[in-house]
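A look at the structure
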Amino acid sequence: MIPPLLTDITQRCPRAAPLADSRPVGEGRGGRSGEHQSGVKRITATKRETVGTFLKKVAKEFGFRNNGFSVYTNRNRTGEITAAQNKSLNLLKIKHGDMLFLYPSSPAGSSSETMDTSVSQNSRPGGAPQVVEDEIDQYLIKQDGKIYRNRDQQLCRHGPLGKCVHCVPLEPFDEDYLNHLEPPVKHMSFHAYIRKLTGGADKGKFVALENISCKIKSGCEGHPPWPEGICTKCQPSAITLNRQKYRHVDNIMFENHTIADRFLDFWRKTGNQHLGYLYGRYTEHKDIPLGIRAEVAAIYEPPQIGTQNSLEILEDPKAEVVDEIAAKLGLRKVGWIFTDLVSEDTRKGTVRYSRNKDTYFLSAEECITAGNFQNQQPNICRLSPDGHFGSKFVTVVATGGPDNQVHFEGYQVSNQCMALVRDECLLPCRDAPELGYAKESSSEQYVPDVFYKDIDKFGNEITQLARPLPVEYLIIDITTTFPKDPVYTFSISQNPFPIENRDVLGETQDFHSLATYLSQNTSSIFLDIISDFHLLLFLVTNEVMPLRDSISLLLEAVRTKNEELAQTWKKSEQWATIEQLCSKRGVPGAGCPSGRGVPCALAELAWELLPSCHRGYTTGGLWGGGCSLVMGSWNSLGWKGS
């Protein structure tokens, strides 16, 4: 009689890494992370049994209704056992006690569905929603992240294949390593911080990144609502401000100097402060373990009112369209930038050095604004019960440096500051820009106590109430750089297209300026001419002929740098009409009956393009009293009427 073969089969999750130890797991025990909840099952077979019969037993044991799985002799998916081999187990050298490995090939079966649920629960805290993180986060999660070191010739006493405490790889959150970098790194990366939380024996099973709340919890029925009553169940906890040990973005890089220079031109020409939104992408920052870099490809300047010492942001009706166009170009809003520049010597071109350790780096009002922007752009995070934690949105200040030249300084505010701003608990001080003030509770709003720790004159650590509050507890500094080898997402021209919302400088976006731009850029490569962020926005948002519904092909050409796609779009009717508008731009003394210097051919073409609701008549007929189209539409054509 032939004794039966007892073969152990372990079902694995196809997305999880193979386990480091390959010891058999007893029947009925669950596997480690990466195993299916069925763990290891023991299959009884004979040596002469064919592979097909054996695989049918496997399918029945694991609950597969079809052949939606594969069985391998090795953990790394090599040595697949298939029914097509038509051999006996003895010929395949499968012996008593061998362990085989099963991987589901599709999520169609019931077992694979259960397996996916198990894995997703292991990677998220209980109750956390399923979210799709940013591409850079998904990439960094898969990286090893460890800091590898070479063998030390003096301290290492082992062979070339050995490892000791002097050369073993370090974890990405090793503070001693970060402090010895040049320059030293005060904040570990956010993903290194996650590795620190999930690096214990439980592998972060109970880790949950909870957002701070300063509001009373709703639904407490044991007492009247505030201000008549409050209890420990609904009362928010007091907040002790700490300097954040990690940061969500580790570096800010402008692709080239031209981006920053064009932004600074507004201050150079007017002396007034200016603001813009940074559009770019998040990439890996390799100088810091598991670091993230915000690469800036363009600056959009929204409607605003600027003076020499103040800025007011106005409502922007085009904000949604700008974000949409940027997304089609592979970009997103990554931050904001503003100037704080005061000229010191116009002959030398120097500026005043005003932001330093003796004054402030960011004022309380700027911290509140940054916190508001960061709350609008939350960081999607799988470890948070809310589905988001912190923000990657950065702040850049163009200000004077120690050498009295323009420097770009990058910052973020901490998650604690974001919570205080979101729940309206933080106010600026009128006479001290470096100080904030935690609001006091009132009948309309309960505000938890906010504290910070300081060192008194005797060297003792004391706890202070945050009224007032030094905003340095809320700030995280970020290195801002320019690359040695410039990068160009958009083309650079000697005569660039005007930037939006600069009418105060006499720089307007209209078809006259477009015609001038096209006449001065005679490159034979159409993609180089059209690859201008501000020009693309004008083509989409102008009032005469907006191309929002027909520009997708051109945006794809610019994103992929595909000249053939750009030439295909150039042959469209829309571009032909734009060329007509540009060829008939206003020329003084062109013979219009109104005498205002607008060619009648252009007026007639614009009349056909404009919707009926934009047409205007005068008492003298269409042309009897002069050209009488709506002023806003004429301005878009480049006409400046009196």
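Please refer to the structure higher up on the page.
No experiment lies behind these values; they were computed from the predicted model shown.

What counts and how
Residue numbers restart at each chain and count upward from 1, following the sequence in its written direction. Owing to the predicted nature of the model, reporting of local features is limited to residues with pLDDT of at least 70; listing and counting of side-chain atom pairs is limited to 80 or more, with chain, interface and lining totals taken over all residues. Based on all heavy atoms of the structure, the side-chain values leave hydrogens and waters out of the count. Runs of H or I in DSSP of at least four residues are treated as helices and runs of E of at least two as strands, each being numbered from the N terminus. The buried label goes to any residue with under 20% of its type's maximum accessible area, the exposed label to any with over 50%, and the partly exposed label to all in between, with areas taken from a 1.4 Å probe on protein chains only. Should any heavy atoms of two residues lie within 4.5 Å, those residues are counted as being in contact. Reported accessibility uses the Shrake-Rupley method at a 1.4 Å probe radius. Residues are deemed covered only where the shown protein chains occlude them. The aromatic pairing rule takes the rings of Phe, Tyr and Trp, using the six-membered ring of Trp, and pairs them if the centres are within 6.5 Å, calling planes under 30 degrees apart stacked, those over 60 edge-to-face and the rest tilted. Strand pairing is assigned whenever DSSP detects at least two bridges linking the two strands. Between N-to-C directions, angles cover 0 to 180 degrees, with each direction set by a line fitted to C-alpha atoms, over the stretch in contact for helices.

Some thoughts on the overall build of the protein
Summing up its helical and strand segments, the protein has 17 helices and 26 strands in all. In the protein, which comprises 642 residues, the proportion classed as buried is 44%. Within the protein, counting contacts between residues at least 6 apart in sequence, those at least 24 apart form 67% of the total. Only carbon and sulfur atoms are counted for the fraction: they give 49% of the accessible area of the protein, which is about 34000 Å².

Thoughts on the packing of aromatic side chains
Considering all chains together, one arrives at 20 aromatic pairs under this definition. Here the aromatic rings of Tyr452 and Tyr473 are separated by 5.1 Å at their centres, their planes lie at 55°, and the arrangement is tilted. In this pair, Tyr452 is assigned in strand S23 (residues 450–455) and Tyr473 in the loop between strand S25 (469–470) and strand S26 (475–481), connecting sequence segments 21 residues apart. In terms of burial, Tyr452 and Tyr473 fall into one category: buried. Between Phe497 and Phe538 the ring centres are 5.5 Å apart and the planes differ by 45°, which places this aromatic pair in the tilted class. Taken together, the residues Phe497 in the loop between S26 and helix H10 (511–520) and Phe538 in helix H12 (residues 533–541) connect sequence positions 41 residues apart.

Focus on the sheet that holds strand S20 (residues 406–413)
Sheet architecture is closed into a barrel: seven strands sit in the order S9-S11-S10-S14-S19-S20-S26, paired in mixed fashion. Strand-to-strand twist in this sheet, taken as the mean axis angle between neighbours without regard to direction, amounts to 35°. Sheet topology note: the strand S10 (residues 275–285)/strand S14 (residues 332–340) ladder contains six bridges and is antiparallel. Across the sheet, Leu275 pairs through a bridge with Phe338, a residue of S14. Helix-sheet contacts for helix H6 (residues 257–270) involve strand S9 (251–254), S10, strand S11 (291–300), S14, strand S19 (394–400) and S20, and the interaxial angle to S11 is about 45°.

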